[in-house]
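Structural features, examined
The residues making up each chain are set out below.
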Amino acid sequence: MALEARICPKCGSKGLVPIEADEKCFCGGTKIVFNVTKDEYIKMSDYERNQMIEEMDIHPLISDDDAYLIYNVTHSTEIIDAMIELKQKDIIEYGLKLSQFKNQLEQKHQINQKENNQVRCPRCGSTNITAGQRGYSLLTGFVGSGSTVNRCASCGHKWKP
Ligand SMILES: [Zn+2]
Ligand SMILES: [Zn+2]
């Protein structure tokens, strides 16, 4: 697979991508190809890369970390644009908003973790589990007598918990 080095002039995210990859960045920007080969790019230090970016007169409007964070929470390039505008107008307000996004992302992770503690189908990973036997409670496990069988509503897999 042939790779080339690209940078997004909007958020500054950079790296090697397949030549046929979409030139659109997640942030809505359009990536630019670096004027170096893949091998040259790999050998360059961060300092050299940043120098190259300056020589190309590229000045990202937002840091890629910030842009990733905003996109992760909102999935909206419009909000990234609004945040870029806010950063230029009011850097303090920008910082406050950014920390709100951070909190939201943390909450999202916590919800994901909760979901991870649910009973999952060992075959397909679905949490859509029904009990195959009476007396089984999803919350407390089996509460009756006899054998317990879980059944996955997604793929039909049955197993003993
Ligand atoms: Zn970008
Ligand atoms: Zn399943």
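Scroll up to find the structure.
Residues numbered from 1 in each chain as written. Chains lettered and ligands numbered in written order. Predicted model: local features only at pLDDT ≥ 70, side-chain atom pairs only at ≥ 80, totals over all residues.

Observations concerning the overall build of the chain
Scanning the chain from terminus to terminus reveals five helices and eight strands. Ordered by position from N to C terminus, the α and β elements of the chain give β-β-β-α-α-α-α-α-β-β-β-β-β. Counting every position in the chain, which comprises 161 residues, the buried fraction comes to 16%. Taking contacts inside the chain between residues at least 6 apart in sequence as the whole, the part at least 24 apart equals 44%. (Helix = DSSP H or I, 4+ residues; strand = E, 2+ residues; numbered from the N terminus. Buried ≥ 20, exposed ≤ 12 C-beta atoms within 10 Å, placed from the backbone. Contact = placed C-beta atoms within 7 Å.)

Regarding unusual backbone geometry
Despite not being glycine, Asp57 has its phi angle at roughly 60°, a positive value. Its place among the elements puts Asp57 in the loop between helix H2 (46-55) and helix H3 (64-74). If you check the backbone angles, His75 has positive phi at about 50° while not being a glycine. With respect to the helices and strands, His75 occurs in the loop between H3 and helix H4 (77-89).

Notes on the packing of H4 against helix H5 (residues 91-116)
Orientation of H4 relative to H5, taken along the N-to-C sense of each, is 140°, at an axis distance of 6 Å. Relative to H5, H4 is oriented oblique. Across the interface between the two elements, Met83, Leu86 and Lys87 from H4 touch Ile91, Glu93, Tyr94 and Lys97 from H5. When its residues are assigned to classes, the contact of H4 with H5 shows four nonpolar, no polar and three charged. (Axes fitted to C-alpha atoms, helices over the stretch in contact; angles between N-to-C directions. Parallel < 35°, antiparallel > 145°, perpendicular 65-115°, else oblique. Nonpolar A, V, L, I, M, F, W, Y, C, P; charged D, E, K, R; others polar.)

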